[in-house]
Every structure is written in C-alpha cells, then in structure tokens.
There are 2 protein chains.
Amino acid sequence: MRALALVVLVSSVALAEEGMFLFNEFPSAQAKKDVGVGPDQAWLDRVRLGSIRLANGCSASLVSPNGLVMTNHHCIRSCLEDLSSKERDLLATGFLAATKDKEEVCPKFEANQLVKITDVTTNVLDATKGVSGAEFQKKLRAEVSRLESECSKGDATKRCDVVTLFHGARFHLYEYRRFQELRVVFAPEFQMAAFGGDPDNFNFPRYGFDAAFVRLYANGAPVKTPEHLKWAKQGAKENDVVFVSGHPGGTERALTVAQYEFLRDVTLPWSLVSLAETRGRLDEWMKQSPDRERIVKSKLRAVENSLKALKGRREALVAPGFLEKKRKDEEALRAAAPEASKGAWDAVAKALLTQRTLYVDYQMREGGQAFSSSLFGYARRLARFPVETAKPNGERLREYSEAQLPALKQGLLDAAPVHPELEKVSLTWSLTKLREVYGADDAFVKKVLAGKSPDDRAAELIDGTKVGDAKWRKERLEFTGKSKAPGGDADGRQVEEVDPMMAFAKLVDDDCRAVRKRMEDEVDSQVRKNMELISEARRAQGPTGAPDATFTLRLSYGRVKGYGSTPAMTTVKGLFERGALGKAPFLVADKWNAAKAKLNPATPYDVATTNDIIGGNSGSPLVDKNGDVVGLVFDGNLQSLGGNFVYEGAENRTVAVHGDLILAALKHVYGADALLKELKP
Amino acid sequence: MRALALVVLVSSVALAEEGMFLFNEFPSAQAKKDVGVGPDQAWLDRVRLGSIRLANGCSASLVSPNGLVMTNHHCIRSCLEDLSSKERDLLATGFLAATKDKEEVCPKFEANQLVKITDVTTNVLDATKGVSGAEFQKKLRAEVSRLESECSKGDATKRCDVVTLFHGARFHLYEYRRFQELRVVFAPEFQMAAFGGDPDNFNFPRYGFDAAFVRLYANGAPVKTPEHLKWAKQGAKENDVVFVSGHPGGTERALTVAQYEFLRDVTLPWSLVSLAETRGRLDEWMKQSPDRERIVKSKLRAVENSLKALKGRREALVAPGFLEKKRKDEEALRAAAPEASKGAWDAVAKALLTQRTLYVDYQMREGGQAFSSSLFGYARRLARFPVETAKPNGERLREYSEAQLPALKQGLLDAAPVHPELEKVSLTWSLTKLREVYGADDAFVKKVLAGKSPDDRAAELIDGTKVGDAKWRKERLEFTGKSKAPGGDADGRQVEEVDPMMAFAKLVDDDCRAVRKRMEDEVDSQVRKNMELISEARRAQGPTGAPDATFTLRLSYGRVKGYGSTPAMTTVKGLFERGALGKAPFLVADKWNAAKAKLNPATPYDVATTNDIIGGNSGSPLVDKNGDVVGLVFDGNLQSLGGNFVYEGAENRTVAVHGDLILAALKHVYGADALLKELKP
C-alpha cells in the first residue's frame with residue numbers, strides 16, 4: 001500500500017516505455033529513439049500474424065508450422081478442469097500428449113488471428129452524426145453490425161469486430177481468422193504453474209511455470225501455420241530489448257475525473273466486496289472435499305487474482321495526488337477545448353449520475369449477479385436466441401448480431417461438464433444476495449424466489465433442467481422458433497413451459513432487458529458521444545500516445561530489468577530454495593524434485609521487464625529485437641496494478657517465464673522431446 | 001442505493017429531531033419547542049440513573065427495584081453462546097429462569113450506571129498546553145490517568161472515564177457504578193430475536209423480538225435498584241413523543257473533509273473487504289455441522305450486521321453532494337477561523353497522510369487482524385500486564401492504567417469457553433491474510449510464521465497453549481512479575497518460554513507496540529490537537545448542537561412515526577403472515593405458533609420513531625414524556641445508516657420492540673409470570 005502510494009506520486013511524466021501501441025500505428029521511430037530498436041513493417045506483420053487471441057480473455061502465440069500455440073497454463077485452466085474427472089485430475093497431474101492423436105479437445109475455446117485492420121472511423125461517425133440517446137444507440141449498432149457482417153459474410157472461419165478506439169474518436173475494423181477447435185498438448189502441474197499461489201501472485205521475485213501448449217485444429221486436422229514465430233537462438237539477458245505482442249484487456253488512462261470518481265465510489269467497491277465474499281465462500285466450500293477442490297480450484301484462483309488486481313487498482317486511484325493531477329489536466333484541456341466540446345465533461349458526469357441509480361439493478365439483472373449459474377447462462381442465451389435472430393441484424397442485442405453468432409453458438413454448444421453441486425451453491429448464494437440487496441419485500445425478489453427460499457428455488461431450477469446437456473442445447477438451437485421444439489411436451493407446450501430453468505430465464509428476461517436498455521440509451525450513448533468529443537479535443541492538443549486498451553492486439557517495447565534491489569531474473573536454484581518448506585502453495589512437484597540433478601541451477605526461471613501491459617496480456621509472447629520468442633508473459637508485479645490508470649516505469653514490471661526455462665523443463669522434467677523438437681527444430 | 005443517494009441530497013438543514021444530547025447539557029427548551037416536551041432536571045436525573053451501559057458496546061435499562069435489566073437479545077447473544085454446549089443450545093431454545101436461583105452468570109459481562117459528570121476541560125487543556133507529538137500524548141495520558149485514578153481510587157465497583165467531547169474541545173469525567181456480575185433471566189429463541197435474519201436487518205417493516213433480561217448481582221445477591229425506570233401505563237401510539245436514553249457508539253458528523261476522504265479511501269474499503277470475506281468464510285464453515293453453527297452463529301450475525309451498516313455508511317459518504325457540501329462548509333469555517341487555527345485543517349490532512357502509510361501495519365499488528373484468535377488476545381494481555389503495571393500509571397498503555405485495570409482483569413478472568421476448532425481456522429485465516437498482505441518474503445511474515453505454513457503454525461500455537469484455561473490465567477495474573485510463575489517449568493524458565501501462545505505474543509509485541517507508538521505520536525496527537533482548534537473555531541461561530549457520539553450516555557427526542565407509505569408500527573398479525581413460508585430466516589418459533597390463538601393480532605410488534613441514534617444504542621429504553629418505558633430500541637432502518645455522517649429526519653428511523661409486545665409475549669408465549677410481575681407490579 002505504501003509502495004503504491006509513492007509510485008503514483010512520482011509518475012507525473014510519461015515514461016519512455018509507456019504505451020500499448022496499435023500495430024497499424026506503431027511508433028517505430030520513437031521506439032528506435034527510446035530503446036534503439038525500431039521494427040519495420042515486415043517485422044510488425046510477422047509478429048502480428050504470430051500472435052493469437054484466445055476469446056476467453058487471454059493472449060498466445062503460434063510457435064510451430066503445425067498450429068502449435070503457446071499460452072499460459074492459467075489461460076487453459078478451465079479446459080483442464082473440463083477434461084478432468086474424479087478419476088483423472090489434470091490440474092494435479094499435468095498433461096502431455098505423447099503423440100498428436102492423444103491431444104484432447106478443449107471445450108469452450110476459440111482462438112483468433114488478426115489478419116487485417118481497416119479504418120472505418122468515417123463510416124461510423126457519419127452514421128451517428130447529429131443523433132443522441134436511444135437513436136444514437138440504434139444507428140451505432142446498425143452501422144457496426146453492417147460493417148461486421150459485410151466483412152465476415154456469414155463465414156464461421158472469420159471473425160470481424162469493429163473496435164472503438166480513443167473512446168469513440170476512432171473505429172477500426174479487425175478481421176480475424178477464427179479457430180474453434182483447440183486441443184491441449186502440454187500443461188504442467190497446477191502447483192508449478194501457480195507456484196506460490198495467491199501470496200506470490202503479482203509478486204516478484206517469482207517462480208511461476210505458467211506455461212501450456214495447445215494446437216489449432218480445423219476439420220479434425222492440425223492447422224498449417226507457416227507464419228509462426230521462431231524460438232530465439234539466444235535467451236534474454238538483463239537489459240535486452242524485448243517486445244510484448246498481445247491483447248491487453250482494458251486500461252482507463254484517459255477518463256474524465258467524474259469517471260474516475262465513479263470507479264472509486266461505485267464500481268470498484270462493489271466488485272471488491274463481491275469478490276471478497278465469493279473468495280471466502282469458495283475457499284471454505286472447496287476445503288470440504290478433494291472433489292470440490294478439483295472442480296472449483298481454478299474458479300477460486302481467478303477470483304483471488306481479480307481481487308488482488310482490483311485492490312491494487314483501487315489503491316492507485318486513491319493514492320494522494322493521482323486525482324488532483326487528473327483534475328488539473330482536465331481543467332487545462334477543458335479550457336482549451338473548442339466551444340462545441342466544452343459541455344462534454346458535464347454531460348458525461350450527468351450520465352454517470354443516472355448510472356449510479358441503475359448500477360446495482362444492472363449488475364444483479366442483466367449482469368446476472370443474481371443468477372450466478374452456468375445453466376442460467378445457457379438458458380438465457382437459448383431463450384433469447386429465437387427472439388433476437390428474428391430481428392433485423394442491426395436491431396439485435398450486440399451478441400446476437402450475425403458477426404457474433406458463431407461465437408455465441410460455440411459457447412452454447414461446447415461440451416464442458418456442469419457440476420450440479422457447484423451450480424446449486426452458486427445459484428443459492430446469488431439468490432440470497434439478491435434478497436439481501438433489495439430486501440424480502442421487493443417485487444422483483446418475490447417474483448424470482450416465487451415464494452421459496454433461495455436454496456429450495458435453486459434446487460428446483462438446477463435439478464429440473466436439461467439445459468446442462470450439450471446435445472439437448474444443440475437440438476433446441478436447431479429447432480429454434482418452431483412451435484414444437486424438442487424439450488416441449490406432447491401437448492405442444494413450448495420448452496419454456498416445461499423446463500424450469502428455461503422458464504426462469506424467460507420470467508426474468510423483461511426486467512433484465514429493461515435495465516440494459518436504459519443503461520444503453522441513457523448512459524452508454526451519452527458517455528460515448530461525449531467521450532468522442534473529449535477525445536477529439538485531446539487529440540487536437542497534440543500526440544496522445546496509444547489509445548486505451550480494448551482487448552485488441554497491441555505491441556509494447558521495453559527492456560529486461562529489475563527494480564530497486566530486486567534482480568531482473570530468478571533461477572532454478574531459487575525455486576528449490578523457495579520450495580524447501582514443502583507446503584502448499586510453495587510445494588515443488590515430484591517430477592521437478594526428481595529432475596533436480598539434471599537441471600542447471602543457474603538457468604533463468606522468471607524474468608521481469610519494463611513493458612507496459614495489463615490483464616489480457618497473459619500468454620503473450622515475449623520476443624526479442626528480431627521478433628523471436630524469448631519468454632512467455634504471465635503476470636505483472638504489484639507495482640503494475642495501478643497500470644490501469646497510469647504507467648510508472650521505475651517499478652512497473654511485466655513478469656514472464658524465461659524461454660530457457662521452458663526448454664529446460666520440457667527436456668529434463670517432462671521428457672517432452674517431440675514438443676521440444678517442434679519448438680526448436 | 002438509490003434511496004440513500006436521494007436522502008443525502010435533500011438533507012441540507014438540521015432537522016428538528018437531530019441530536020444525541022449530553023445529559024448535562026440537554027436543550028430542554030429546544031425539545032419543548034420541537035416536540036412539546038421539555039424534561040426538567042429531576043426527569044433527566046431519573047432517566048440517567050435508570051440507564052445502563054454494557055461494556056461490550058450496548059445500552060440497557062434498569063426496569064425493577066431488584067437489579068433487573070432490559071436489553072437486546074443480540075446484546076447478550078455471546079453470553080447465551082458461552083452458556084451453551086452440544087447438549088444445550090440456548091440460542092435455539094431461548095432461556096427463562098424459573099426462579100432467581102436459576103439465573104445463570106454471563107461470562108465477560110460488565111454493566112455501568114452513570115452516577116456523576118464533572119467538567120475537567122480546564123485540567124486537560126492546561127496539562128497539554130504548548131506541547132505536541134509524543135510529548136502531547138504523554139502529558140495527555142498522564143493527566144487523564146491522574147483524573148481517572150483520583151476518581152476511582154482503586155475501587156473495583158467504580159469506573160471513571162475521561163470522555164473527549166467535541167473532538168478535544170471539551171473533556172468530561174464520567175463516574176460510573178460498575179457491576180461485574182450479570183446473570184441471564186430471560187432470552188427468546190434466536191430465530192425470534194433475529195426474525196428475518198440478514199435480509200430484514202436494518203429494514204422496516206420489521207418483526208424482531210430482540211429482547212432479553214439480565215440481572216445485576218453483587219456478592220452473589222441481586223443488586224437493589226430503587227432508581228429503576230417504570231413501565232408505562234399506556235403503550236406508545238403513532239405521533240407520541242418518545243425519548244431514547246442510551247450510548248451511541250460514535251458518529252462522524254463534524255470531521256474535516258480530509259478525514260471524510262480518509263474514511264472513503266482507506267478505512268471503509270479496508271473494513272468492507274475484510275468483513276465480506278469473513279462473512280463468506282464463516283457462513284460456509286458454519287454450514288458443515290450443527291455444532292459449528294452453534295458456536296459461530298452469533299459471530300456471523302455480528303459480521304453481517306457490520307457489513308450492512310458500513311455499506312450503508314459508505315454509500316451515504318459517496319452520495320452525490322455530501323462531500324461537496326462539507327467542503328463548502330469547511331471553506332466558510334476556515335475563512336472565519338482565528339489566525340492561530342487556520343493551519344489546523346492542513347495539519348490534520350498531513351497527519352492523515354502519515355496514517356495512510358501506517359494504516360495496514362496498524363490493523364494487522366496492534367489491531368490484531370493478523371492474529372485473530374481469542375487465545376492470542378488473552379496471551380497478549382497476560383504478556384503485557386507485568387510490563388505495563390510496572391510503569392508509573394501515567395506512562396502505561398491506556399488500557400493498563402489503574403482506572404482501566406478492573407475491566408482488563410475481568411476480561412482476562414471470565415470463564416467463557418474457547419472453541420479450539422474455531423480458534424484454529426480463525427488464526428489460520430488471519431495468518432494467511434498477513435502473508436497475502438505483505439508477501440511471503442516479508443521479514444515480519446517470516447518471523448510470525450517461523451518457517452511453517454499458516455495452518456501448521458496456528459495448530460502449534462492453539463494446541464500447545466494453556467491460555468484458554470481461566471484458572472491458569474488467574475494464577476498467571478496473580479504471580480505476575482515473579483521469576484517462577486505458574487506455567488513455567490522446573491528449570492525456572494518463564495512461562496513465555498514454555499507456552500507457545502505466550503511466546504508468540506511476546507515475539508510480535510515489539511512490532512505491534514512500535515506501530516502503535518507511531519500512530520499515537522505522529523497521527524493521533526496531531527489530529528487531536530488540531531481537531532481541538534477546529535472544534536473551538538466551530539463553537540465560536542455559534543451553537544453546534546450535540547457533540548459527536550462517544551459511547552457515552554445521550555438523550556434524543558422524537559416521535560413515533562412511519563415514513564413514505566410505511567406505517568409506524570407492525571403487528572402480531574404481520575408476524576404470522578411474514579412467517580407463512582416457514583423457512584429460515586422467516587421461521588416462527590413453535591412456542592409462538594402454539595400461542596397464536598392467545599395473542600391479539602392487533603398488538604403492536606415493532607415500532608419506528610424519528611429519534612437520532614446509532615450503533616451502541618442497541619438495548620436503549622424507549623421512554624415516553626414521563627420517562628416511563630414504552631419500548632426497547634434494537635435497530636435503525638436502512639435510511640439511518642448514513643446517520644454516522646448526517647441525520648435526515650424524513651426517512652431516518654429508530655426501530656424498537658413495542659412495549660406492549662414484550663408484555664404480551666412474556667405472558668402468552670413464555671408464561672413468564674414472575675418476570676411480568678416484576679416489570680409491572
């Protein structure tokens with residue numbers, strides 16, 4: 001806490017390494033000046049095509065000509081859980097496919113490769129010119145849907161997204177190659193991937209072997225990927241120039257003061273309190289049996305990660321001086337803004353006052369916090385599907401637009417197992433939370449609980465539904481809109497009348513849609529429109545650097561570097577020292593202990609770099625000046641948690657698994673010779 | 001959330017009923033003007049002597065000449081738990097002593113009756129004139145200790161506290177009669193006391209029968225209390241004038257903007273996140289067995305209560321307009337302040353910057369959040385006792401000063417059972433939290449964990465200690481300072497060397513004391529000194545109303561009143577309607593169902609009033625214009641949660657059990673004829 005407070009105080013100037021840059025607007029000259037390396041277009045194209053986005057919120061890279069993808073263990077943890085059972089716990093044992101035909105399909109996974117970027121700013125701004133509120137939303141949605149559909153043309157192997165940049169001042173159309181079949185090739189033991197657990201998370205020195213390999217398939221065969229990244233001949237050393245090519249999920253460096261206050265006063269406290277309670281519940285619940293631990297460990301880890309990240313973010317936001325500086329900058333910008341934009345800041349603040357009154361309703365209803373259950377998630381999408389797809393493309397909820405449908409369908413048709421016990425406790429908790437938030441006398445609460453207690457209601461919905469069956473969902477999807485859909489009964493009743501979870505999704509849908517509509521019309525559209533004006537005013541003042549992150553491909557440059565008395569790298573020797581206690585979460589896996597003699601104690605383990613990254617960059621390749629792989633990004637340090645709002649080069653560090661360790665572990669610990677040969681032929 | 005936001009916006013003027021007034025400065029003329037009743041001195045003295053403070057943070061009243069005390073069930077819940085066992089669960093069954101000799105001693109309880117108030121402002125201000133920092137602390141502590149000792153003269157039946165009022169502008173010496181033996185007389189079933197559970201907590205309409213009776217004893221016999229309050233002949237009706245005489249724990253209505261920002265940015269988020277996680281853990285832990293539920297239910301309820309209260313408080317603090325108004329008021333006050341005081345606001349802000357850097361250290365170490373275990377609490381006090389009592393009175397830590405020693409000793413010598421399983425999980429959680437907060441590489445973490453995992457360390461400390469044995473603690477206390485204290489061994493080693501928890505308390509003590517000293521010298525003394533100046537500046541501007549609450553006796557006036565469409569009272573009929581579902585926490589107890597026919601459905605159940613109260617007022621008598629009992633305060637509504645910062649009469653309500661219900665329940669449900677006769681002879 002102290003450290004973070006100080007950090008923010010000193011960060012008044014943009015530091016050399018700040019910036020998650022667009023590939024089509026990469027400042028090569030600046031990079032050349034700052035770190036002595038300025039990538040040319042061929043370099044940029046090669047690294048772009050070697051970069052992969054996982055639709056679940058991670059980054060990755062292509063590392064062989066046969067579709068081999070490197071990412072973090074934590075990015076495919078849910079896959080490993082889905083492939084596990086009471087008898088076979090892949091988190092505990094790890095996984096290595098002896099041959100390609102032993103590679104197993106990850107349910108729920110999608111990968112994207114960015115093949116083309118087109119500037120569509122003019123199209124979008126023209127379409128929304130002169131309108132506001134619901135009309136703005138409608139026009140915006142229609143134009144975005146049109147652009148995306150025109151690009152993807154219903155081709156399920158393409159994904160096209162219109163990306164909002166600079167808070168609406170620019171729009172780019174990203175065309176991706178879409179892969180919907182990923183198979184797991186290699187994963188270490190969870191205890192090694194997440195070595196140090198929650199205490200070490202976001203810390204450095206660090207000993208995480210957070211690496212995994214999957215393979216892209218199409219029509220049952222590995223995809224050919226000649227455009228892959230090469231493994232570097234030489235490992236990274238201190239002070240080496242390194243790049244991170246990945247998908248930072250989001251930053252909030254160019255918000256208005258009112259928006260920062262909203263985060264401070266509304267969003268962050270809500271999330272933190274909610275995550276903290278969930279963490280306590282999951283952790284205690286998990287302790288009751290090994291089977292519970294197996295099915296919930298990964299979820300808990302994700303919750304703990306968010307909790308720590310948001311805590312750090314909040315602390316950066318309330319650090320003395322941060323908001324005062326933003327306020328001064330804003331006053332200056334406002335004074336210099338063109339007359340037409342001067343009201344934009346107040347307009348944003350006014351929309352946020354509306355959002356305050358909608359926030360909890362939105363979270364609980366459309367946000368689904370009142371119905372926390374993957375079965376509810378399936379049911380809602382199944383229930384909305386026929387309603388939305390019957391509308392013209394431009395009028396649908398965004399996730400049902402033609403360009404988004406393949407992803408939606410894949411999510412609905414995945415074969416991930418559902419754990420009824422977890423579904424029940426989770427739904428019970430969230431129904432209880434709903435009652436807590438609104439009180440037992442609230443009309444919506446009464447409607448949702450239907451005269452039952454939260455646990456009885458949850459049991460009734462979970463026990464009675466067929467929604468957990470992927471085959472049943474597929475039939476349902478294919479029979480959409482027909483009067484006698486599968487799951488209905490002989491009397492011709494619709495499935496919503498027969499299946500309790502489907503009926504439930506329908507029961508609450510109007511309430512959920514209502515608050516979403518108000519949020520879109522009265523808040524989002526106001527904020528977007530006015531942020532666009534503010535962003536233009538800022539751009540008019542001079543160069544603004546990279547736009548805030550948007551889970552789209554960015555490139556950042558930096559160097560391998562420690563901070564304070566912390567060295568830039570840890571070593572294999574350090575791992576065994578840290579594991580000497582022999583107690584989780586500092587427990588070295590048996591295979592590693594067995595291989596200890598074969599491992600060189602001096603081999604670098606994890607590495608810290610000055611690159612500017614944020615959540616979403618997990619799994620990004622760390623590449624050298626030639627664009628060749630020297631590591632695998634998996635975290636930032638505690639001092640990087642304020643990176644959402646400000647980059648501070650003195651102590652903000654990216655944390656990656658060193659490339660040398662990946663090779664050494666595959667060779668000496670796991671005997672993964674075929675994989676090794678594929679990586680470094 | 002919405003409701004609270006609106007509430008604060010409209011509350012720009014002090015409302016008639018605002019104020020938790022000092023008994024020795026009660027504005028009778030103003031009360032007469034506002035509600036038509038202006039109590040005279042005899043009325044005030046009578047009600048003051050009929051009011052009781054429970055040292056655990058509650059209020060109560062004397063309601064018979066034989067030491068009978070009425071308070072809330074939730075105020076003695078820990079006593080009921082301490083008297084319970086696997087075989088006898090007093091929370092489940094309730095308790096009624098058939099005769100006086102069946103009344104059972106509550107461990108850990110102390111009651112105080114305020115017999116005298118003396119203004120000692122001049123003494124304290126003279127003693128601290130012209131000094132600051134550590135010297136200020138020292139002089140202040142010395143003078144306060146001197147005044148308190150001079151008052152109590154070592155008499156264990158007296159308690160003397162110097163009370164800081166108006167943030168240091170005034171000091172009053174409160175002399176109490178002290179009772180250290182309380183026996184439980186009557187308690188209803190937990191399910192009736194806390195009917196509606198967490199969802200109904202802080203709500204109205206409400207159906208809590210949160211009542212209990214205990215009796216004061218001295219030397220094994222009931223204490224004679226001719227000064228008790230009388231039960232009113234006539235129950236309270238809508239619009240009746242009512243008073244609440246009790247001990248509001250604390251308000252923060254006259255802070256500086258920097259202090260409010262500190263609450264918003266540091267204190268409240270820390271507490272909320274911590275409470276939320278604890279709540280999740282306790283709730284899941286409790287669900288695993290009925291025995292766990294028995295020993296932890298009350299603790300969980302307290303955690304949930306705090307969580308809801310602090311949530312509401314935070315929302316009031318960040319409500320649009322609240323801080324802006326405080327900022328404007330402060331600017332005006334500052335402009336008008338005498339030259340010598342003008343720097344006080346900045347000085348407070350500066351001290352708070354220091355507090356930011358100490359906050360987490362303080363909470364974890366001296367605040368004990370890293371060592372959450374009642375055994376640690378005993379051990380720390382036992383370890384500090386000989387060290388502190390060897391010092392001159394004025395130089396001791398405040399809780400070891402002569403005047404405070406009887407309370408300290410009583411806390412150490414109570415016979416409350418210790419639950420090792422709960423101790424272990426609680427200590428494990430908090431040690432884990434310590435490691436989470438500082439990281440595994442931190443020197444203090446390493447010292448505390450001593451190379452072990454949190455669960456192993458907790459088990460070692462809990463399993464090995466004798467500290468849980470009250471008899472052992474007594475021996476230890478009496479042999480203090482001697483070289484071969486009980487618990488030591490034949491080789492003459494001190495007990496700290498033999499008992500692991502005692503050794504642990506000693507191990508961490510320097511670190512804990514160090515942060516406490518910095519907090520007192522660099523923060524508290526600076527804040528106190530400057531708040532004194534600010535408070536004087538405010539008083540110089542005109543009447544300031546009541547001082548912020550300080551868990552000392554206050555009197556507030558108001559009326560029985562509903563709000564919006566909510567009526568002022570609920571009825572017995574409503575209870576049975578709300579319980580129709582028959583599911584916890586809305587489950588009517590068997591005895592009540594059995595008595596349903598005998599109960600008049602129209603009997604008032606709970607009642608809402610406009611009195612200005614806050615946490616600590618739980619258990620306060622609600623009295624009519626004659627000073628006679630018409631109800632028992634146990635809660636406020638959701639709209640009162642901002643009352644910490646601002647009173648808003650339109651919707652802020654006190655919630656009490658109606659006097660008529662108490663009589664009806666004792667008669668028809670519990671057949672408590674003797675008790676009834678004692679209340680209403």
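Keep in mind that what you see is a predicted model, and the values were worked out from it rather than measured.

A. Seen up close, the overall build of chain A. If you tally the helices and strands in chain A, you get 25 helices and 19 strands. In summary, chain A has a C-alpha radius of gyration of 25 Å against a globular reference of 26 Å for 681 residues, a match within 12%. Dimensions of chain A, computed from the C-alpha atoms along their principal axes, are close to 70 × 65 × 50 Å. Residue burial in chain A is summarised as follows: out of 681 residues, 60% are buried. Intrachain contacts of chain A at a sequence separation of at least 6 include 78% that bridge at least 24 residues. Carbon together with sulfur atoms contributes 53% to the accessible area of chain A, which is approximately 25,300 Å² in total. A distance of 2 Å separates the average location of the 99 positive side-chain charges in chain A from that of its 93 negative side-chain charges.

B. Local environment of the state of the cysteines. Counted under the stated rule, the structure contains 6 disulfides over all chains. Put simply, Cys58 of chain A and Cys75 of chain A are joined by a disulfide, and their sulfur atoms are 2.1 Å apart. On the sign convention where negative is left-handed, the bridge of Cys58 of chain A and Cys75 of chain A, at about -80 degrees about the S-S bond, is left-handed. With Cys58 of chain A in strand 3 (residues 58-62) and Cys75 of chain A in the loop between strand 4 (68-71) and helix 4 (77-82), this pair connects stretches of sequence that are 17 residues apart. Across the disulfide from Cys79 of chain B sits Cys106 of chain B; the S-S distance is 2.0 Å. Negative torsions about the S-S bond denote left-handed disulfides, and the value of about -75 degrees found for Cys79 of chain B with Cys106 of chain B makes this one left-handed. Separated by 27 residues along the polypeptide, Cys79 of chain B in helix 4 (residues 77-82) and Cys106 of chain B in the loop between strand 6 (104-105) and strand 7 (111-119) bring together distant segments of the chain. Judged by relative accessible area, which is 0%, Cys79 of chain B ranks as buried. Each bonded cysteine of chain A is numbered by sequence order, and under that numbering the disulfide pairs are 1-2, 3-4, 5-6.

C. A look at the pattern of salt bridges. All names here are of chain A. Counted under the stated rule, the structure contains 130 salt bridges over all chains. Between Arg356 and Asp265 there is a salt bridge; the shortest N-O distance is 3.4 Å. Residue Arg356 is located in helix 13 (residues 344-364), and its partner Asp265 is located in helix 10 (residues 257-286); the two are separated by 91 residues in the primary sequence. The pair Arg356 / Asp265 is uniform in exposure class, with both members buried. Put simply, Arg141, Glu366, Arg380, Arg384, Glu388, Lys391, Glu399, Asp509, Arg513, Arg516 and Glu520 are held in one network by salt bridges that share partners.

D. How the structure looks around helix 24 (residues 659-669) of chain A. All names here are of chain A. In terms of residue burial, helix 24 counts as a mostly covered element, since 8 of its 11 residues are buried. When helix 24 is considered as a whole, its buried residues turn out to be Gly659, Leu661, Ile662, Leu663, Ala664, Ala665, Leu666 and Val669. Downstream of helix 24 by a residue or two, Gly671 has a phi angle that is positive, lying close to 55 degrees.

E. Unusual backbone geometry, seen in detail. Residue and element names in this part refer to chain A. At the junction of Ala584 and Pro585, the peptide bond is cis and its omega measures out at 0 degrees in the coordinates. Tracing the backbone shows Pro585 in the loop between helix 22 (572-578) and helix 23 (590-595). Here the phi dihedral of Phe166 falls at roughly 45 degrees; this positive angle occurs in a residue that is not glycine. Looking at where Phe166 falls in the secondary structure, it is placed in the loop between strand 8 (158-165) and strand 9 (170-179).

F. Representation of the confidence of the model for chain A in the model. Summarising the model, chain A shows a mean pLDDT of 93, and 96% of its residues fall at 70 or more. Scored as a whole, the predicted complex attains pTM 0.92, and scored at its interfaces, ipTM 0.91.

G. Seen up close, the pairing of strand 13 (residues 241-246) of chain B. Residues and elements named next belong to chain B. With 6 of 6 residues buried, strand 13 lies mostly within the body of the structure. Here strand 13 shows two buried faces, one formed by Val241, Phe243 and Ser245 and the other by Val242, Val244 and Gly246. The sheet contact formed by strand 13 and strand 14 (residues 554-559) spans 6 bridges and is antiparallel. Each residue of the ladder has a partner; that of Ser245, found in strand 14, is Leu555.

What counts and what doesn't
Residues numbered from 1 in each chain as written. Chains lettered and ligands numbered in written order. Predicted model: local features only at pLDDT ≥ 70, side-chain atom pairs only at ≥ 80, totals over all residues. Heavy atoms only, no water. Helix = DSSP H or I, 4+ residues; strand = E, 2+ residues; numbered from the N terminus. Rg over C-alpha atoms; globule rule 2.2 N^0.38 Å. Buried < 20%, exposed > 50% of the residue type's maximum accessible area, 1.4 Å probe, protein only. Contact = heavy atoms within 4.5 Å. Areas by Shrake-Rupley, 256 points an atom, 1.4 Å probe, with all protein chains shown as cover. Lys, Arg positive; Asp, Glu negative; His and termini not counted. Charge placed at Lys NZ, Arg CZ, Asp CG, Glu CD. Disulfide = S-S within 2.5 Å. Salt bridge = Lys/Arg side-chain N within 4 Å of Asp/Glu carboxyl O. pLDDT = per-residue confidence, 0-100. Pairing = 2+ DSSP bridges.

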